[in-house]
Amino acid sequence: MLDEVERWLKRRSWSADDRPLDRLLAAKRAAGTTVSVVLPALNEEATVGEIADTIRRELMGEATPLVDELVVVDSGSTDRTAEVAAAAGATVVPRDSLLPRLPALPGKGEVLWRSLLATSGDIVCFIDADLREFEPRFVSGIVGPLLTDPTLELVKGMYDRPLGEVTGQGGRVTELVARPLLNLHWPQLAGFVQPLGGEYAARRSLLERLPFPVGYGVELGLLVDALHTVGLDALGQVDIGVRKHRHQDGQALGRMAAAIYRTAQLRLARGHLVRPRLTQFDRGENGFEPRTTAVDTEERPPMVEIPEYTARRAA
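What comes next concerns the included structure.

## Notes on the overall build of the protein chain
Helix and strand content of the protein chain: 11 helices and 14 strands. Relative to the globule expectation of 20 Å for 315 residues, the C-alpha radius of gyration of the protein chain, 19 Å, shows essentially globular dimensions. With the C-alpha coordinates aligned to their principal axes, the bounding extent of the protein chain is approximately 65 × 50 × 45 Å. The buried share among the 315 residues of the protein chain stands at 52%. In the protein chain, 75% of the contacts between residues at least 6 apart in sequence involve partners at least 24 apart. Of the roughly 14000 Å² of accessible surface on the protein chain, 51% is carried by carbon and sulfur atoms. Of the side-chain charges in the protein chain, 38 are positive and 44 negative, and the distance between the mean point of each set is 3 Å.

In structure tokens form, the structure reads like this:
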């Protein structure tokens, strides 16, 4: 590990317990900072309600007004995700209602990118909607450093990720794909414990300047681009405990890995894959049958280049 990264780990890694809520509220009031929380959701009726209710109850009340805006961006759910989220107190915004002149592409990054049009906070905090046993510290922990240190621009959550009942076995794509890529090509980012984690917060002024890969590569893309835009010392991470969520099967992980590799490849060469396709195999009646899917190859431009966004910000 680079000496620079070892120093960064000591200076820019914290626990959520390091900043009590009363300190965060005082810093928020003093600076007049506003905070938006975004939950990207697709068929998450089983978990989105509990997350939204916890945030509203614990972080949006009169006594603890840390969060000003709670938005669930629904990317076409066919279950009761929107209904459950609204009942829990979240503002539900259909993905396709944001920037309707531009047809939406499938993928998490697309939802996060469009969420900048649905929110107004100075700090935007992203939380995955499939978390179980959600705790308020997931939000307050990662928002905290941004409220108390004006030199920080982006803060990632770090946590244990159990796989079933086995401790520390989650994050398979992180260990097999993302961590080797970062260590080999962006060694300044080798200190991030969960570089692909979906729980992170950033200043709007940074997010609106970054391109967003539309699919699974969004977390790696944002992290790498943030490093090049604001430098390592403007990035941090906070230990928020244990993260429990729904795990993907092996083939879904393969598609995720391919998208992440493509995102890295594009940033290394600003070129294109010769054939952005991934072939996987399922056993069928006649043996193994190939199934080919496209690897995410689209990226959305920085939001400041979108006329609707700049007009909304100027209003």
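Now that the structure has been shown, the text picks up again.
## Focus on the environment of Val-111
Looking at where Val-111 falls in the secondary structure, it is placed in helix H5 (residues 108–118). Here Val-111 falls in the buried class, since its relative accessible area comes to 2%. For the pair Val-111 and Val-224, spaced 113 residues apart in the sequence, the C-alpha separation amounts to 19 Å. When sequence neighbours within four positions are dropped, the list of residues in contact with Val-111 reads Pro-40, Val-73, Ser-75 and Arg-95.

## Structural notes on unusual backbone geometry
If you check the backbone angles, Asn-43 has positive phi at about 55° while not being a glycine. Inspection of the secondary structure puts Asn-43 in the loop between strand E2 (35–41) and helix H3 (48–59). For Asn-43, a relative accessible area of 34% gives the class partly exposed.

## Looking at the sheet that holds strand E1 (residues 13–15)
Overall, mixed pairing links the eight strands, which are arranged E1-E10-E7-E8-E5-E2-E3-E4 in an open sheet. With partners counted over all chains shown, the strands left at the sheet margins are E1 and strand E4 (91–94), one partner each. Averaged over all neighbouring strand pairs, the angle between strand axes comes to 25°, with direction disregarded. Where E2 lies against strand E3 (residues 69–74), six bridges are found, and the strand directions are parallel. Residue pairing across strands places Ala-41 opposite Asp-74, the latter belonging to E3.

## Observations regarding the pairing of E2
The side chains of a regular strand alternate, first on one face of the sheet and then on the other. Counting buried positions along E2 gives seven out of seven residues, so the element sits mostly inside the fold. Burial along E2 is two-sided: the face carrying Val-35, Val-37, Leu-39 and Ala-41 and the face carrying Ser-36, Val-38 and Pro-40 are both buried. In this view, the connection linking E2 to its parallel neighbour E3 by way of H3 has right-handed handedness.

Criteria and cut-off values
Every chain's residues receive numbers from 1 upward, in the order its sequence appears when written. Where local features are concerned, this predicted model is filtered to residues with pLDDT of at least 70; where side-chain atom pairs are given and counted, the filter is 80 or more; whole-chain, interface and lining totals use all residues. Each side-chain value is worked out from all heavy atoms of the structure, with water and hydrogens disregarded. Strands are runs of DSSP state E lasting at least 2 residues, helices are runs of H or I lasting at least 4, and numbering of each runs from the N terminus. This radius of gyration counts C-alpha atoms alone. The globule rule is 2.2 Å times how many residues there are, raised to the power 0.38. Think of it in three bands: residues with accessible area under 20% of the maximum for their type are buried, residues over 50% are exposed, and the middle band is partly exposed, with areas taken using a 1.4 Å probe on protein chains only. Here a residue-residue contact requires only that any non-hydrogen atoms of the pair lie within 4.5 Å. All accessibility values rest on the Shrake-Rupley procedure with a 1.4 Å probe; residue burial counts only the protein chains present in the view. We count Lys and Arg on the positive side and Asp and Glu on the negative side, and we leave His and both chain ends out. Here the site of a charge means atom NZ of a Lys, CZ of an Arg, CG of an Asp or CD of a Glu. At least two bridges found by DSSP between two strands is the condition for calling them paired. Angles here are taken between N-to-C directions and fall from 0 to 180 degrees, while the axes themselves are lines fitted to C-alpha atoms, restricted in helices to the stretch in contact. Looking down the strands as they point away from you, a crossover is right-handed if its path from the first strand over the helix to the second goes clockwise.

Function cannot be read off these values alone, since they describe shape.
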